[in-house]
Amino acid sequence: KTGRGHALTIKKTNKSQWRIAPSPDGQVVLSYAIYAGDLNVRAAYADHELIFFNAPAVFFHPEGHLSQAVDLKITIPKTWSLVLAKKDRSGVFSFSDFDELYDTPILAAKNLTIKTGRVRDTHYTFAFHGIYEKDLDKIVHDASLILAKQIKMFHSHPCTHYVFQILSLPGGYGGLEHRVSSTNI
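Please read these numbers as outputs of a predicted model, since none were measured by experiment.

**Q** I tried to follow the overall build of the protein on my own but got confused; where do I start?
**A** Helix and strand content of the protein: two helices and 14 strands. Along the longest, intermediate and shortest principal axes, the C-alpha atoms of the protein span 55 × 35 × 35 Å. Counting over 185 residues, the protein shows a buried share of 34%. Residue pairs at least 24 apart in sequence account for 54% of intrachain contacts in the protein once pairs closer than 6 positions are excluded. For the protein, the accessible surface area stands at approximately 11,900 Å², while carbon and sulfur atoms represent 53% of it.

Right, here's the structure in full:
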């Protein structure tokens, strides 16, 4: 619809593309449903206590505008935590382009355990969700030792902050590395 709420003509041109008629007021507002029942690193999942999605499974961009800057506002219940490899400014996450957004998986949950660490100049955030029978502080400590050896081997780390999203859930599977984060289910 237009920014004033008037309907626009939308035509699906292939499996992943739609053509939307030009809006007289220059604004296009889209509402769409997302299938969020697939708990793996490349899709989207949502239930009463967890939301996880890989951005390309949820968002799309106007043709020819992949390099355009994107702002994203995420609203979650007050008792939940949100973890992604991006800092917000007044509740809005700003991405330099759609590629950066697409390379940023988003995790929000009612019961997230968040641990932080630092190795040299790189800060790490570990976000754990699910049932863990191990000492999470020991996991972070051991991971920090591995990261220190990696940094020593390569002489640096390419980013100043890195996020590990770790979900231990029945039926979940997969691992996927991103530019400044990784997700393991």
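So much for the structure itself; the text now carries on.
**Q** Even after reading the chapter, I still don't get the nonpolar core, so can you show me in this structure?
**A** Within soluble globular proteins, side chains that are nonpolar generally end up buried alongside one another. Ranked by internal contacts, the top residues of the largest apolar core, which has 14 residues, are Phe53, Phe59, Leu72, Phe95, Leu101 and Tyr102. Secondary-structure elements contributing two or more residues to this core are strand E5 (70–73), strand E8 (92–95) and helix H1 (98–102). When residues no more than four places from it in sequence are discounted, the contact partners of Phe95 are Ala69, Val70, Leu72, Leu84, Lys86, Glu100, Leu101 and Thr104.

**Q** Teacher, can you tell me more about unusual backbone geometry here?
**A** Although it is not a glycine, Arg120 sits at a positive phi angle of roughly 55°. Here Arg120 shows up in the loop between strand E10 (113–119) and strand E11 (122–130). The phi angle at His155 is positive, at roughly 75°, despite the residue not being glycine. Overall, His155 belongs to the exposed group, its relative accessible area being 67%.

**Q** How should I be thinking about the sheet that holds E5 in this particular structure?
**A** As a general point, the strands of a sheet are linked pairwise by backbone hydrogen bonds and lie either parallel or antiparallel. Reading across from one edge, E5-E8-E7 is the order of the three strands in this open sheet, with antiparallel pairing throughout. Of all strands in the sheet, those bounded by a partner on one side alone are E5 and strand E7 (88–89). Pairing between E5 and E8: four bridges, direction antiparallel. Each residue of the ladder has a partner; that of Asp71, found in E8, is Ser94.

**Q** Got a minute to help me understand the packing of aromatic side chains in this structure?
**A** The description of an aromatic ring pair rests on the distance of the ring centres and on the angle between the ring planes. Counting across every chain of the model gives nine aromatic pairs. For the pair Phe98 and Tyr102, a centre-to-centre distance of 5.9 Å together with 45° between the ring planes defines the contact as tilted. A residue pair is termed a helical-turn pair when its members lie 3 or 4 positions apart in one helix, as Phe98 and Tyr102 do in helix H1 at four residues. Of the two residues, Phe98 and Tyr102, both sit in the buried class. Three or more aromatic residues joined by ring pairs make a cluster, and in this case those are Tyr124, Phe126, Phe128, Tyr162 and Phe164.

**Q** Explain the environment of Pro24 here, please?
**A** As for its placement among the helices and strands, Pro24 is situated in the loop between strand E2 (17–20) and strand E3 (44–46). A relative accessible area of 77% means that Pro24 is categorised as exposed. Remark: the alpha-carbon pair of Pro24 and Thr2, spanning 22 residues in sequence, is separated by 7.5 Å.

**Q** Can you help me understand the layout of surface pockets in this one?
**A** Gaps between atoms show up when a probe of the same size as a water molecule is rolled over them. Size it by volume and the largest pocket reaches roughly 1,500 Å³. When residues of the lining of the largest pocket are assigned to their parent elements, the largest contribution, four residues, is made by E2. Here the residues of the lining of the largest pocket sort into 23 nonpolar, nine polar and five charged. In this structure, the second largest pocket occupies an estimated 430 Å³ of space. Together, 18 residues line the second largest pocket, and Leu84, Ala85, Lys86, Lys87 and His161 are the ones closest to its centre. Going through the elements one at a time, strand E6 (81–83) and strand E12 (161–168) are the ones with two or more residues in the lining of the second largest pocket.

Conventions used here
Residues numbered from 1 in each chain as written. Predicted model: local features only at pLDDT ≥ 70, side-chain atom pairs only at ≥ 80, totals over all residues. Heavy atoms only, no water. Helix = DSSP H or I, 4+ residues; strand = E, 2+ residues; numbered from the N terminus. Buried < 20%, exposed > 50% of the residue type's maximum accessible area, 1.4 Å probe, protein only. Contact = heavy atoms within 4.5 Å. Areas by Shrake-Rupley, 256 points an atom, 1.4 Å probe, with all protein chains shown as cover. Core = buried A, V, L, I, M, F, W, Y, C linked by side-chain atoms within 4.5 Å. Pairing = 2+ DSSP bridges. Phe/Tyr/Trp six-rings, centres within 6.5 Å; stacked < 30°, edge-to-face > 60°. 1 Å grid on protein atoms, 1.4 Å probe; cavity = no way out; pocket = protein on both sides within 12 Å on 5 of 7 lines; lining within 4 Å. Points joined across faces, edges and corners; volume = space filled by probe spheres on them. Nonpolar A, V, L, I, M, F, W, Y, C, P; charged D, E, K, R; others polar.

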